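The primary structure of each chain is shown beneath.
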Amino acid sequence: EAANARLDARTTFFAQTSHELRTPLNAILGFAEMMRNSVFGPLPARYQEYAGLIHEGGRNLSLIVDDVLDLARLEAGRYEIYRDVVSLTDLAAEAVQFMKDEAARKSVELELGNPDDDVEAFADSKAVRQIALNLISNGLKFTPAGGRVTVTAMDAQGGALLAVSDTGVGIGPEELTRLSRAFEQGEAGKRQKGAGLGLSVVRAFAELHGGRRDIESREGGGSTIAVFFPEERKQGA
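Quick notes on the rules
Residues numbered from 1 in each chain as written. Predicted model: local features only at pLDDT ≥ 70, side-chain atom pairs only at ≥ 80, totals over all residues. Heavy atoms only, no water. Helix = DSSP H or I, 4+ residues; strand = E, 2+ residues; numbered from the N terminus. Contact = heavy atoms within 4.5 Å. Pairing = 2+ DSSP bridges. Axes fitted to C-alpha atoms, helices over the stretch in contact; angles between N-to-C directions. Salt bridge = Lys/Arg side-chain N within 4 Å of Asp/Glu carboxyl O. Buried < 20%, exposed > 50% of the residue type's maximum accessible area, 1.4 Å probe, protein only. pLDDT = per-residue confidence, 0-100.

The next subject is the environment of glutamine 130. With respect to the helices and strands, the residue glutamine 130 is situated in helix H4 (residues 125-141). Counting along the chain gives 71 residues from glutamine 130 to valine 201, while the straight-line C-alpha distance between them is 8.5 Å. Ignoring sequence-local partners within four residues, the contact set of glutamine 130 consists of Leu63, Asp66, Asp67, Asp70, Val201 and Phe205.

This is how it looks when you write it as structure tokens:
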């Protein structure tokens, strides 16, 4: 009971903190977008660049805030998903579009694999978006300039896969087991000074769908992280 009470208090704290952070974040994002688009008149090129960096930083912070709240709810068993047949391809394309500015700034090519395929999954659309954004953010973080990050939706036996591949630094075999725990990172992650939340959130969302998260990587050879979404089970099947 004491442990549950502490978990409840932590979840409430994260929810309240996330709400308090979102209000100023929304203002930062909104005004940065207005400046970037020169809504009230043109800005010097350097100021437009700064507005773009503010907007990008705000979006990244917003993703972290969402991860903190989602992970707290997931650990407390309070995150409910609402599964339906969704276009995994469309959701992947939306995530690629959302992250394209960050990729361009880092000189990394961000692309959608198999864009002409319409792959469907039985999944919660909000969770899929969070999975895709986290995987793309992770790929961009560890891919050097001139590299590539590819997001692919594909049919698989018994369901569908969302996979993100990169040409980054890769993950050594001894580090793979550490990456399932919240706030745990490999050596490359520590150098990037990330929070270590993204892959934990991805794994938790995958398991909540009855699926799994798989990582294929070798140090120095890039990584592919895939999430499997099981197909809808008919009653009596």
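Strand order in the open sheet made by the 5 strands is S2-S4-S5-S7-S6, with mixed pairing throughout. The outermost strands of the open sheet, each flanked by one partner alone, are strand S2 (109-113) and strand S6 (212-217). The mean inter-strand angle of the sheet, taken between neighbouring strand axes irrespective of direction, is 15 degrees. Sheet topology places strand S4 (residues 148-156) next to strand S5 (residues 159-166); 8 bridges connect them, and they run antiparallel.

All right, on to the pattern of salt bridges then. A side chain with one charge may pair with a side chain of the opposite charge, provided their charged atoms come close. A full pass over the atoms with the stated rule returns 11 salt bridges. Between arginine 105 and glutamate 56 there is a salt bridge whose closest N-O contact spans 2.7 Å. In this pair, arginine 105 is assigned in helix H3 (residues 88-105) and glutamate 56 in helix H2 (residues 45-75), connecting sequence segments 49 residues apart. In this structure glutamate 56 comes out as buried when scored by relative accessible area, which is 8%. Within this structure, Glu33, Arg36 and Asp101 form a network of salt bridges that share partners.

With that out of the way, let us pick up the confidence of the model for the protein chain. Per-residue confidence for the protein chain gives a mean pLDDT of 84, with 88% of residues at or over 70. A low-confidence stretch, residues 189-195 (pLDDT under 50), is modelled with 10 contacts involving residues beyond four sequence positions or located in other chains.

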